Each structure stands twice: as C-alpha cells, then as structure tokens.
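What follows is the residue order along each chain.
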Amino acid sequence: MTTTDTPAVRPTGIHHVRLTVTDIARSKAFYQDVFGVEPAVDFSAQAGDPGVREDQEKLYGGCVFALGDQLLGLRPVAETGDRFVSTRVGLDHVSLQVGSRADLDDAAERLSARGVEHGEVLELDQGIAVLSLQDPDDINLELTAPL
C-alpha cells in the first residue's frame, strides 16, 4: 500500500450503520422499544415476499431508524439461530452517543423497567461513561456520554 500527501478519501462522518439480523420483527420491536421511535423507512412487512431480501431499493426487507443526524438500519438476511460474535472480523459494537452521564443512569433505569439486560454505567479514563446492552441477536450496543 502506498501513501501520499493526499488521502484517497476524505470522509466527513459516518452516514449509516446497518446491522444484519435474524428476525426483523423481533429486532425492529426491540429497537423501537429501546429508542422510542418508529423506523424512518420500513420495508419489514415485505421481508417474506419473493425477491425482497435481495432488493436494495426495498432495504432487503429491513428498516432504518433516524437517530439524530445518523441512521441505523436493520437487514434481515442472517440465518435463524445465528449469533453475533464480536471477536470475528467485522463489527465489534455500535456506540450511540447520549448527552450526559445522567442520561446513561436514566437509560439504565428505563432498560431495567423494560426487562432489557444491561451492564453497569462505567466511567472510563478516556473522559467518557458507557452503558452496554445486547440486542436480540447479541450485537453489543454501547451508550456513551461525555464526563
């Protein structure tokens, strides 16, 4: 690989993250409950239709949540019973920013009230606090706030 003074690409941010899930109805319901919002774009009702899981225009039968200026999509193409493993090549976790440490404490209480298992709020040396939880496919989500 060669390097020059001019980078090949100059990204200005991350546009979206899409997660592969095993059961779109279950995952969509989880994210709706945790985020408290409906998907901004939703083709999940068509996920079982012929050809939809190969159709990029219909988001492969998935849906997209708008989270501030970011997008989080769900794509229902994983085999039933498959589980996420953070130590394989690819995604380790998705970190979603919240406003404050108090927001993390509030989120922990609301997640507990909904029966969603989660870790403790941890303050890290990097000047952030984090709260981890797993989605239905065991994908690690991390809520992050500045200290």
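Relevant structure appears above.
Right, let's talk about the overall build of the protein for a bit. For the protein, the helix and strand inventory stands at two helices and eight strands. In the protein, the succession of α and β elements from N to C terminus is β-α-β-β-β-β-α-β-β-β. Along the longest, intermediate and shortest principal axes, the C-alpha atoms of the protein span 55 × 50 × 30 Å. Each of the 147 residues in the protein was classed as buried or not, and the buried ones make up 33%.

Turning our eyes to something else, we now look at the side chain of Thr-22. Residue position: Thr-22 is located in the loop between β1 (16-20) and α1 (24-35). Polar contacts involving the side chain of Thr-22 include one to the side chain of Asp-137, which spans 2.5 Å. The contact partners of Thr-22, leaving out residues within four places of it in the chain, are Ala-78, Glu-79, Thr-80, Gly-81, Asp-82 and Asp-137.

The next subject is unusual backbone geometry. In this structure, Tyr-60 takes a positive phi of about 60 degrees despite not being glycine. Residue Tyr-60 is classed as buried on the basis of its relative accessible area, which comes to 12%. A positive phi angle, close to 70 degrees, is found at Asp-138, a residue other than glycine. Tracing the backbone through its elements, the reader meets Asp-138 in the loop between β7 (128-134) and β8 (140-146).

Calculation notes
Residues numbered from 1 in each chain as written. Predicted model: local features only at pLDDT ≥ 70, side-chain atom pairs only at ≥ 80, totals over all residues. Heavy atoms only, no water. Helix = DSSP H or I, 4+ residues; strand = E, 2+ residues; numbered from the N terminus. Buried < 20%, exposed > 50% of the residue type's maximum accessible area, 1.4 Å probe, protein only. Polar contact = N/O pair within 3.5 Å; in protein donor to acceptor, adjacent residues only side chain to side chain. Contact = heavy atoms within 4.5 Å.

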